[in-house]
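Listed below are the residues making up each chain.
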Amino acid sequence: MSIRSLLLVVLIVLIALFAAINWTAFVAPTQLSLIFTTITAPLGIIMLALMVLLAVLFLAFALYMQTSILIESRRHAKEITAQRELADQAEASRFTELRNYLAAELEALRAQAVNRDTAVLTRIDRLEQDVRAHVDQTGNTLSAYIGEVEDRFERRIPNRE
């Protein structure tokens, strides 16, 4: 029980105790003016009834406010839940979109790698052919030089057979 509730209960008990102790004064008839007429009635009972009426009206107002706040908070909770679901769906959509984009980019990179590998292998084959042709040409040139050197050598040195 909160301090406010405890204080309210203590106050109601004190008022009830005050009314019980002074009950004879509460029920004593008094001349009361109602602006247009005068009546004889117990002032204490009328004031006590007015205080109870005000307390009931205050409790009804407090209950109304509490209920409207509770309904409003539930409505806000439902809206927040709906917004959270929308955000989750949007996030899932973005993740799906990102996954598709990354898959497409990865496929493009794979295609580039395959094209690059093909180009590199083609270039290597062409260079290998060029190197072989150059080696063959160098071998032929070297053979020709060796043959020429042998011819010169044989001309200078007669055959001793």
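Details of the structure are given in the entry above.
Residues numbered from 1 in each chain as written. Predicted model: local features only at pLDDT ≥ 70, side-chain atom pairs only at ≥ 80, totals over all residues. Heavy atoms only, no water.

Here we take up the overall build of the chain. Summing up its helical and strand segments, the chain has 3 helices and 2 strands in all. In terms of overall dimensions, the chain has a C-alpha envelope of 175 × 30 × 20 Å along the principal axes. Counting the 161 residues in the chain, one finds 3% classified as buried. Summarising the internal contacts of the chain: among those between residues at least 6 apart in sequence, 6% fall at separations of at least 24. Of the roughly 14,800 Å² of accessible surface on the chain, a fraction of 66% belongs to carbon and sulfur atoms. For the chain, the distance from the average site of its 16 positive side-chain charges to the average site of its 18 negative ones is 10 Å. (Helix = DSSP H or I, 4+ residues; strand = E, 2+ residues; numbered from the N terminus. Buried < 20%, exposed > 50% of the residue type's maximum accessible area, 1.4 Å probe, protein only. Contact = heavy atoms within 4.5 Å. Areas by Shrake-Rupley, 256 points an atom, 1.4 Å probe, with all protein chains shown as cover. Lys, Arg positive; Asp, Glu negative; His and termini not counted. Charge placed at Lys NZ, Arg CZ, Asp CG, Glu CD.)

Before going further, it helps to spend a moment on the pairing of strand E2 (residues 38-42). Of the strand pairs in this sheet, strand E1 (residues 29-33) and E2 are connected by 5 bridges, and their pairing is antiparallel. Directly across from Thr30, in E2, lies its bridge partner Ala41. What sits between the antiparallel neighbours E1 and E2 is a turn of 4 residues, in which Ile35 has the positive phi angle 70°. (Pairing = 2+ DSSP bridges.)

By the definition in use, this model includes 2 aromatic pairs. Centre to centre, the rings of Phe18 and Phe26 are 6.1 Å apart; their planes meet at 80°, and the pair counts as edge-to-face. Residue Phe26 is classed as buried on the basis of its relative accessible area of 13%. Taken together through their ring pairs, the aromatic side chains of Phe18, Trp23 and Phe26 make up a single cluster. (Phe/Tyr/Trp six-rings, centres within 6.5 Å; stacked < 30°, edge-to-face > 60°.)

On the surface, Leu43, Ile46, Met47, Leu50, Leu53, Leu54 and Leu57 cluster together to form a nonpolar patch covering roughly 640 Å² of accessible area. Among the structural elements, Leu54 can be located in helix H3 (residues 43-156). (Patch = residues over 30% accessible without salt bridge, like charges linked within 9 Å, V, L, I, M, F, W, Y side chains within 5 Å. Salt bridge = Lys/Arg side-chain N within 4 Å of Asp/Glu carboxyl O.)

One side chain can pair with another of opposite charge once the charged atoms of both are near each other. Applying the stated criterion across every chain, the model contains 6 salt bridges. The salt bridge partner of Glu128 is Arg132, with a shortest N-O separation of 3.0 Å. Placement of both Glu128 and Arg132 in helix H3 is noted, with a separation of 4 residues, approximately one turn of the helix. Judged by its relative accessible area of 35%, Glu128 falls in the partly exposed class. A residue is classified by how much of its surface remains accessible, and Arg132, at 54% relative accessible area, is exposed. One salt bridge connects Glu148 with Arg152, and the closest N-O pair in it is separated by 3.0 Å. Here Arg152 and Glu148 lie together in helix H3, a separation of 4 residues that amounts to about one turn. The class for Glu148 is partly exposed, based on a relative accessible area of 38%.

Looking now at the environment of Asn22. Looking at the secondary structure, you find Asn22 in the loop between helix H1 (3-21) and helix H2 (23-26). Overall, Asn22 belongs to the partly exposed group, its relative accessible area being 26%. In this structure, the C-alpha to C-alpha distance between Asn22 and Gly44, residues 22 residues apart in sequence, is 9.2 Å.

With that settled, the discussion passes to unusual backbone geometry. Of note in this structure, Ile35 is not a glycine but carries a positive phi near 70°. Residue Ile35 is classed as exposed on the basis of its relative accessible area of 77%.

Counting through the fold element by element, Ala28 comes out in the loop between H2 and E1. Overall, the relative accessible area of 32% leaves Ala28 in the partly exposed class. The spacing of Ala28 and Leu127 is 99 residues in sequence and 128 Å in space, taken between C-alpha atoms. For Ala28, the residues in contact, after removing those within four places along its chain, are Ala41, Pro42 and Leu43.

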